[in-house]
Amino acid sequence: MPKKPRIEDAETQALMEAGTQSVEWVREEFAQADLADKRLNRRLVKTAEHLARSPLSPINEACGDWASTQAAYRLFDNARASPRAILAPHVQETTKRMAGCGGPVLVMQDTVFFSYGQHPATRGLGPIGKSNKAHDRGLIMHNALAFSTLGVPLGILSQTVWARREVPEGEGRQEKIKRLQCTPVEEKESAKWLRALTETMARAPAGVPVITVADRESDFFEFLTQAEELRAHYLIRARTDRTLVPEDSAGCDHMLEALSLAPALGSLTIAVPGNGGRKARTATIAVRIASVTVKPPQRRGHAQSSAASEPVSLTVIGATETAPSAGSEAISWVLLTNLAVPDFASAAEKIAWYGLRWGIETWHKVLKSGCKVEDCLLETAERLSRYLTLFSIIGVRLMHVAHLARAQPDGPATAVFSWKEIEALHVRVHNTRPPRDPISLRDAVRMVGQLGGHLGRTGDGEPGMTVLWRGWMRLYETVIALQAGRQAGLIDSG
């Protein structure tokens, strides 16, 4: 009698047999995965396929059966499947997409907080608010996400997930300020910006101009000096009115003074996206630029030994709304950059680039609201970190498809979708096979939107992220059904 296969061999065979029902982009994205075990590599691909087919479902529901669910749990519990190792093949594919852009790439840095306080039994979490209370605990993730200058997400270049240390009990505001002033930046949470900047420059393809774009939290002096050392370009929003070297700053002592004395170069009309507490609108802003040299801030205690002592020269761009609508807070951006900004057109370009920073916040919303990653019950911070990394890649994929369809609507659908996916869309939406001539990317994305409930009426606009998530799940239900029908001989394979 033949020997009974070992569990590992049986699992490997099951993975190989299930491979006929793949989400094809997953295989391409993880082709270079190296978790030091071929079986673990295959398990990563299959788990990613299951979750990508059904991103709103819990792990057990997405996997479909107990064996696949157990395999997913073992993956998230395996130390060799570290977040960095899971991310590595995606980073390689991201650099390829960056190289194919044919122009500058914007790398947005931002931090997102994931709350798991509703799961008090989860081990290894840290505070994500101002207290150590059980309901206020979770994980923090800092990302560097690459975009084209048209706003199309290309992929993750750097990602770190961690649990914050406990909040010091009884510490007042002044005590906190003094403690932070005496702490070297390498020991602060602020080091996340420097680490992501370093990894961005190390992983960016040669010959591609890369500009890091970030909000006010990135405005600390060590970030500016680190960028100088790495020869990295940045475009960040100012947090403080910095002290200047007057003789190198048109005689001005402070940054906002220099900006106020600069003449208005012109005005721009920009679109302001809506959020939970703000309606979408347009705004007219006046543009100014000033070249300045910033003095290094004073540091105390141990922070003095590692603090930079040389001033930094940069350009300040002011974008101030001239006549905000009633009830709306006026836009007032003060941007810092080490890029050349010789005139109004160049300043307008940089302002438009900063306006694309909302893309990374949309991605975070996709992870939280679309993927429901905060509902996951994996019991430990280490398992959740691996899970969050994998879902981050899935979230990028959906955003890439949606934004590419808006940026290059007349391009072929085959640039993003496989033939199996295009076939499934036509069968599900039009009850027919796809035409011989390739359909456009916009038409394919609209069909995904239809699957998710988008009506496509005049005035409805393009489908948003929520309906695309629903359509995405239904698309892969159809891909799987068609494949199963062919295997059973119920559908003509021709």
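Structure: above.
Just so you know, these numbers come straight off a predicted model, no measurement behind them. (Residues numbered from 1 in each chain as written. Predicted model: local features only at pLDDT ≥ 70, side-chain atom pairs only at ≥ 80, totals over all residues. Heavy atoms only, no water.)

A closer look at the nonpolar core
Next up, step 1: If you look at the biggest cluster of nonpolar residues, it comprises 110 residues, and the most contacted ones within it are F30 and F417.
Next up, step 2: Not counting chain neighbours up to four residues away, the residues in contact with F30 comprise L44, V45, A48, I86, P89, L390 and I393.
Next up, step 3: Core analysis: the second largest hydrophobic core is formed by 26 residues, L197, A227, A238 and L336 among them. (Core = buried A, V, L, I, M, F, W, Y, C linked by side-chain atoms within 4.5 Å. Buried < 20%, exposed > 50% of the residue type's maximum accessible area, 1.4 Å probe, protein only. Contact = heavy atoms within 4.5 Å.)

Remarks on the packing of aromatic side chains
Next up, step 1: With the rule as written, the count across this model stands at 6 aromatic pairs.
Next up, step 2: Relative to Y234, the ring of F223 lies with its centre 6.1 Å away and its plane at 70°, an arrangement referred to as edge-to-face. Highlighted residues: F223 in helix α9 (residues 221–230) and Y234 in strand β6 (residues 233–237), separated in sequence by 11 residues. When sorted by exposure, F223 lands in the same class as Y234, which is buried.
Next up, step 3: Here the aromatic rings of W333 and W358 are separated by 6.0 Å at their centres, their planes lie at 55°, and the arrangement is tilted. Of this pair, W333 sits in strand β10 (residues 332–337) while W358 sits in helix α13 (residues 358–370); the two residues are 25 residues apart in sequence, bridging distant segments of the chain.
Next up, step 4: On the basis of relative accessible area, W333 is assigned to the buried category, the value being 6%.
Next up, step 5: On the basis of relative accessible area, W358 is assigned to the partly exposed category, the value being 22%.
Next up, step 6: Ring-pair connections join several aromatic residues into one group, and the members of that group are F76, Y387 and F391.
Next up, step 7: Sitting above the plane of the W353 ring, K350 keeps its charged end 5.1 Å from the centroid. (Phe/Tyr/Trp six-rings, centres within 6.5 Å; stacked < 30°, edge-to-face > 60°. Helix = DSSP H or I, 4+ residues; strand = E, 2+ residues; numbered from the N terminus. Lys NZ or Arg CZ within 6 Å of the ring centre and 35° of its normal.)

So, the pattern of salt bridges
Next up, step 1: Across all of its chains, the model carries 19 salt bridges by this definition.
Next up, step 2: A salt bridge links E49 to K46, with the shortest nitrogen-to-oxygen separation between them at 2.4 Å. Here K46 and E49 lie together in helix α3 (residues 38–53), a separation of 3 residues that amounts to about one turn.
Next up, step 3: The buried category is assigned to E49, whose relative accessible area is 0%.
Next up, step 4: Judged by relative accessible area, which is 5%, K46 ranks as buried.
Next up, step 5: Two residues, E217 and K192, come together in a salt bridge whose shortest N-O distance is 2.9 Å. Of this pair, E217 sits in the loop between β5 (210–214) and α9 while K192 sits in helix α8 (residues 191–203), placing them 25 residues apart in sequence.
Next up, step 6: According to the relative accessible area criterion, E217 is partly exposed, its value standing at 34%.
Next up, step 7: K192 sits in the buried class, given a relative accessible area of 2%.
Next up, step 8: Members of the salt-bridge network, linked through shared partners, are R27, K46 and E49. (Salt bridge = Lys/Arg side-chain N within 4 Å of Asp/Glu carboxyl O.)

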